[in-house]
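Observations on the model geometry
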Amino acid sequence: MADIVDIAVGAGSFNTLVAAVQAAGLVETLKSPGPFTVFAPNDDAFAKLPPGTITTLVQNIPQLARILTYHVVPGKLMKADLAQVSEVISVEGAPIRIDCSDGFEVKNATVVAPDIEADNGVIHVIDTVILMG
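A short tour of the structure in this document, coming up.

**Re helix α1 (residues 4-11)**
If you check which residues of α1 are buried, you get Ile-4, Val-5 and Ala-8. Angular distribution of buried residues about the axis of α1 spans 100°; they occupy a single face of the element. Along its buried surface, α1 packs onto α2 (15-23), α3 (27-31), β1 (36-41), β6 (109-118) and β7 (121-126). The N-terminus of α1 is capped by Asp-3, whose side-chain oxygen sits 3.0 Å from the backbone nitrogen of Val-5. Just downstream of α1, Gly-12 is the residue with a positive phi angle, here 80°.

Given below as structure tokens:
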């Protein structure tokens, strides 16, 4: 089975996320055994950000890394696991609100493709980039 990075690269709908992970130097981390749960914004999610945001973040690697690690949770948490909790703590350290009462929402994002299993965890595709706070 492919790891989280290889799945994201192969999917073709995570080009911005993959470029951001590379710029932030997080590729090796996300290729490690983990396991990780990744709330992965697709390219459409990044396109919703205000113009220039991605360029600004790529020029501020610590902030970019902080935002990216906010999308990652230690452990392999499938949708069924997440339905049992109201929040999880990200690798970045801040809580992420989970709501499976009516669909599957992670903070202000809707999960559009849950439970994509990887060798080192699971990916839940989200339609919005989530931010701390």
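**Here we look at helix α6 (residues 61-70)**
Burial in α6 covers these residues: Leu-64, Ala-65, Ile-67, Leu-68, Thr-69 and Tyr-70. Against α2, α5 (53-58), β2 (72-74) and β4 (95-99) lie the buried residues of α6.

**Digging into the pairing of β7**
Burial analysis of β7 places six of its six residues in the buried class, which makes it a mostly covered element. Neither face of β7 is left uncovered, since the one carrying Gly-121, Ile-123 and Val-125 and the one carrying Val-122, His-124 and Ile-126 both have all their residues buried. Inspection of the sheet shows β6 paired to β7 by five bridges, in the antiparallel sense. Across the sheet, Glu-117 pairs through a bridge with Val-122, a residue of β7. Here β6 hands over to β7 after two residues, the two strands then running antiparallel side by side.

**As for the packing of α2 against α6**
With their axes 9 Å apart at the nearest point, α2 and α6 run at an angle of 125° to one another. Between α2 and α6, the angle falls in the class oblique. In the packing of α2 onto α6, the handedness of the crossing is left-handed. Contacts from Leu-17, Ala-20, Val-21 and Ala-23 in α2 reach Ile-61, Leu-64 and Leu-68 in α6.

**As for the nonpolar core**
In this structure, Phe-14, Leu-17, Leu-30, Val-38 and Leu-68 are the most contacted members of the largest nonpolar core, which totals 27 residues. Residue assignment for this core shows that the elements contributing at least two residues are α1, α2, β1, α4 (43-47), α6 and β7. Non-local contacts of Leu-17, meaning those with residues more than four positions away in its chain, are made with Ala-40, Pro-41, Asp-43, Phe-46 and Leu-68. Val-73, Ile-96, Val-106 and Ile-130 belong to the second-largest nonpolar core, a separate cluster that totals 14 residues.

**With respect to the side chain of Thr-37**
If you trace the backbone, Thr-37 turns up in strand β1. For Thr-37, the contacting residues outside a window of four places in its chain are His-71, Val-72, Val-73, Gly-75, Lys-76, Leu-77, Val-122 and His-124.

**Some thoughts on the environment of Gln-84**
Secondary-structure assignment places Gln-84 in the loop between α7 (79-82) and β3 (87-89). Assessed through its relative accessible area of 66%, Gln-84 is described here as exposed. With 40 residues separating them along the chain, Gln-84 and His-124 place their C-alpha atoms 16 Å apart.

**Description of the environment of Pro-114**
Mapped onto the elements, Pro-114 comes out in strand β6. Separated by 10 residues in sequence, Pro-114 and His-124 place their C-alpha atoms 4.4 Å apart. Once you skip the residues sitting within four places of it in the chain, Pro-114 turns out to touch Lys-79, Phe-104, Ile-123 and His-124.

Rules used in this analysis
Residues numbered from 1 in each chain as written. Predicted model: local features only at pLDDT ≥ 70, side-chain atom pairs only at ≥ 80, totals over all residues. Heavy atoms only, no water. Buried < 20%, exposed > 50% of the residue type's maximum accessible area, 1.4 Å probe, protein only. Helix = DSSP H or I, 4+ residues; strand = E, 2+ residues; numbered from the N terminus. Arc of directions from axis to C-beta. Contact = heavy atoms within 4.5 Å. Polar contact = N/O pair within 3.5 Å; in protein donor to acceptor, adjacent residues only side chain to side chain. Pairing = 2+ DSSP bridges. Axes fitted to C-alpha atoms, helices over the stretch in contact; angles between N-to-C directions. Parallel < 35°, antiparallel > 145°, perpendicular 65-115°, else oblique. Left-handed = near helix turned anticlockwise from the far one by under 90°. Core = buried A, V, L, I, M, F, W, Y, C linked by side-chain atoms within 4.5 Å.

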